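# Chains, contacts and geometry: an overview
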Amino acid sequence: MKLLFLACLSKNTGNCTTAERIREHIESVGHTCVLQDTADLKSSEKVAHLIAEEPFFQAALAIHLYKGGRFLLDCQAPFGVVFGGTDINEDVKDETKRAVMGKVLKKASRFAVAFTEKLKEEAETYWPSQGIKICVQPQGIETKATENFNWDGFLRSTGVNCENVEDLHVFLLVCGLRRVKDPLYLVDVFSEWHQEDPSVILIIIGPEIDPLFTEEVEVNVKRAKGVFLAAERRQQDLHAAMRRSVAVVNSSVSEGMSAAILEAMDLEVPVVARNIPGNAAVIKHEETGLLFSNPQEFVDLSRKLLAEPSLRERLVSKAKKYVKEHHCKAKEKDTYRRLIEQLH
């Protein structure tokens, strides 16, 4: 079967990583899966024409009901959809977008995938008649860190100047530079903490998705002592940098299921994350990670993490176990294999 897969493919983003992984699952069982960046699409009519072309696509799949699924509304081929975090956390607040998403979900006659039970339950509050087609499949996680990663060189490339980098406590905030990820949320309070304790630094790392917002981030980081901005890295280097960090930080306003959080758990790195529904769905506070509700609470919890080695040990041990049990890549592969068969 030849399948058209619509997704936001901005380089090194969570959506791109998820799309590539799902495509790998689909192709591993003999299907052909063609990824199409939604940023390049203009209308549902053009997508319908694309699907009908020779050699034609027999089915389609989209990540995000609004960003991707709306382009399938004129599609005559069967299709499925995968909920994104912004679908439920952001787009449903817009009446027009919510109406479009409802049409997509209704037309996706085969299946819809939610990453968490919470996401499924929230979707059912908006579209109760469609709940039967929504299945829950958490993201599958696999990590691989670069061997012999040049940690000193990485720190110097961000502007960190320290004679002995082993004395530093590096907090790594992994995110694409766009407003929903809110990378500036902790900048001021972290800078104040750094001035009290110069050993703590915050590095923000990720792709430049929103050019205007990236400029805003650069200006704010430049003036903030102890806060640095790193250029995006290939995934293996990012995983190596995560592994050398004291903690991986998430300050997003909205998340579906953060791959960076799950990757940190798999790499046995503590996670300190903003207490939002998407993060709370995978983090149990003080068991598999730490959840903060405001910037000062982030500092308080981070101080506690540095002061209590036993807390760190407990967090990474339980988080590793959680990821192994609930985010198995092989199980994810089996789920998508079964779902794609429904598109025949």
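Here the residue numbers are simple positions, counted from 1 along each chain's written sequence. pLDDT decides what is reported in this predicted model: residues at 70 or higher carry local features, side-chain atom pairs at 80 or more are listed and counted, and totals for whole chains, interfaces and linings draw on all residues regardless. Heavy atoms from the whole structure form the basis of all side-chain values; hydrogens and water molecules are not counted.

## Quick notes on the overall build of the protein
Counting its secondary structure elements, the protein contains 14 helices and twelve strands. Relative to a compact globule of 344 residues, whose C-alpha radius of gyration would be 20 Å, the protein shows 21 Å and is just as compact. Looking at the protein as a whole, 56% of its 344 residues are labelled buried. At a minimum sequence separation of 6, the contacts of the protein that also span at least 24 residues come to 71%. For every accessible area listed, the method is Shrake-Rupley and the probe measures 1.4 Å; residues are considered covered only by the protein chains on display. Carbon and sulfur atoms make up 47% of the accessible area of the protein, which amounts to about 15,400 Å² in all. In summary, the charge assignment counts Lys and Arg as positive and Asp and Glu as negative, without counting His or the chain termini. A charged residue contributes its charge at one atom only: NZ of Lys, CZ of Arg, CG of Asp or CD of Glu. For the protein, the centre of its 45 positive side-chain charges and the centre of its 50 negative side-chain charges are spaced 4 Å apart. Counting from the N terminus, the helices are the DSSP runs of H or I reaching at least four residues and the strands are the DSSP runs of E reaching at least two. Both definitions apply: the radius of gyration is a C-alpha atom measure, and the globule rule equals 2.2 Å times residues to the power 0.38. Each residue gets one of three labels from its accessible area relative to the maximum for its type: buried under 20%, exposed over 50%, partly exposed in between, using a 1.4 Å probe on protein chains only. By the convention used here, residues are in contact when the closest approach between their heavy atoms is within 4.5 Å.

## Here's the deal with the domain arrangement of the protein
The figure often quoted for interface size is the accessible area lost as the parts come together. Split by domain assignment, the protein resolves into domain 1 (2–140 + 328–342) and domain 2 (151–327). A straight line from the C-alpha centre of domain 1 to that of domain 2 covers 29 Å. Taken together, the 16 residues of domain 1 in the interface contact 18 residues of domain 2. Accessible surface is computed with a 1.4 Å probe, and the buried area is the amount of it that two parts give up when combined, taken over both parts together. Interface area, domain 1 with domain 2, both sides summed: about 1,400 Å², of which 55% is carbon and sulfur. Domain start and stop positions are those given by an automatic or database domain assignment.

## Some details on the pattern of salt bridges
Salt-bridge detection follows one rule: a side-chain nitrogen of Lys or Arg within 4 Å of a carboxyl oxygen of Asp or Glu. For the structure on display, the rule yields 19 salt bridges. Linking E166 and R244 is a salt bridge whose minimum nitrogen-to-oxygen distance equals 3.1 Å. Highlighted residues: E166 in the loop between α6 (151–158) and β7 (169–174) and R244 in helix α9 (residues 235–244), separated in sequence by 78 residues. Residue classification places E166 among the exposed residues on the basis of a relative accessible area of 55%. Given the relative accessible area of 38%, R244 is considered partly exposed. For R274, the salt bridge is made with D182, and the minimal N-O distance between the two is 2.7 Å. Of this pair, R274 sits in strand β11 (residues 271–274) while D182 is found in the loop between β7 and α7 (187–196), placing the two residues 92 residues apart along the sequence. The same class applies to R274 as to D182, namely buried. Salt bridges here are not isolated pairs; linked through shared partners, they connect E24, E142 and K329.

## With respect to the sheet that holds strand β1 (residues 2–7)
The pairing criterion is simple: DSSP has to find at least two bridges between the two strands. With parallel pairing, six strands are arranged side by side in an open sheet as β2-β1-β3-β4-β5-β6. If you trace the sheet from one side to the other, it starts and ends with β2 (32–37) and β6 (134–136), each paired once. Taken over all neighbouring pairs, the strand axes of this sheet differ in orientation by 20° on average, direction set aside. Judged from the four bridges that link them, β1 and strand β3 (residues 59–63) form a sheet pairing that is parallel. Within β3, the residue paired with L4 across the bridge is A60. For helices, the fitted line uses only the C-alpha atoms of the stretch in contact; every axis is such a line through C-alpha atoms, and the angle between N-to-C directions lies from 0 to 180 degrees.

## Thoughts on the sheet that holds strand β10 (residues 247–250)
Read across the sheet, six strands follow the order β9-β8-β7-β10-β11-β12 without closing on themselves; strand pairing throughout is parallel. A single partner strand is all that each edge strand has here, and the edge strands are β9 (227–230) and β12 (290–292). On average, adjacent strands in this sheet sit at an angle of 25° to one another, irrespective of strand direction. When β7 meets β10, the two strands line up parallel, connected through three bridges. From the neighbouring strand, F171 faces β10, where its bridge partner is A247. Sheet strands in contact with helix α8 (residues 211–223) are β8 (200–205) and β9, and its direction is about 140° off that of β9.

## Looking at α8
Given the number of residues in a helix, its expected span is that number minus one, multiplied by 1.5 Å. Between its terminal C-alpha atoms α8 stretches 19 Å, which fits the 18 Å expected from 13 residues at 1.5 Å a residue. Buried within α8 are the following residues: F213, T214, V217, N220 and V221. An end-on view of α8 places all buried positions within 130° of arc, on one side of the element. Along α8, exposed side chains directed more than 90 degrees from the buried face belong to P211, L212, V219, K222 and R223. Buried residues belonging to α8 abut α7, β8 and β9. Throughout this description, a polar contact denotes any pair of N or O atoms lying within 3.5 Å of each other; where both atoms belong to protein, one of them has to be capable of donating a hydrogen while the other can accept it, and for residues adjacent in sequence the pair is counted only when both atoms sit in side chains. Here α8 starts with a cap whose side-chain oxygen sits 3.1 Å from the backbone nitrogen of L212, and that cap is D210. Of all possible arcs, the one meant is that of the directions from the helix axis to the C-beta atoms.

## Topic: the packing of α7 against helix α12 (residues 295–307)
Contact geometry of α7 with α12 gives a least axis separation of 9 Å together with a crossing angle of 40°. The orientation of α7 with respect to α12, classified from their angle, is oblique. Crossing geometry of α7 relative to α12 is assigned as right-handed. Contact residues: V189, F190, W193 and E196 in α7; P295, Q296, F298, V299, S302, R303 and L306 in α12. Throughout this description, any angle smaller than 35 degrees is read as roughly parallel, any larger than 145 degrees as roughly antiparallel, any in the 65 to 115 degree range as roughly perpendicular, and the remainder as oblique. Left-handed is the label given to a crossing in which the near helix is rotated counterclockwise from the far helix by less than a right angle, and right-handed is the label when the rotation is clockwise.

## Observations regarding the side chain of H64
By the secondary structure assignment, H64 is in the loop between β3 and β4 (79–82). In this view, H64 contacts N15, G69, V82, G84, G85, T86 and D87; residues no more than four positions away in its chain are not counted.

## Brief notes about the pairing of β9
In this sheet, β9 lies alongside β8 in parallel orientation, the contact comprising four bridges. Pairing of I203 across the sheet is with F228, part of β9. In this fold, β8 hands off to α8, which returns the chain to β9; that crossover is right-handed. Orient the strands so they point away from the viewer; a crossover is then right-handed if the path from the first strand over the helix to the second runs clockwise.

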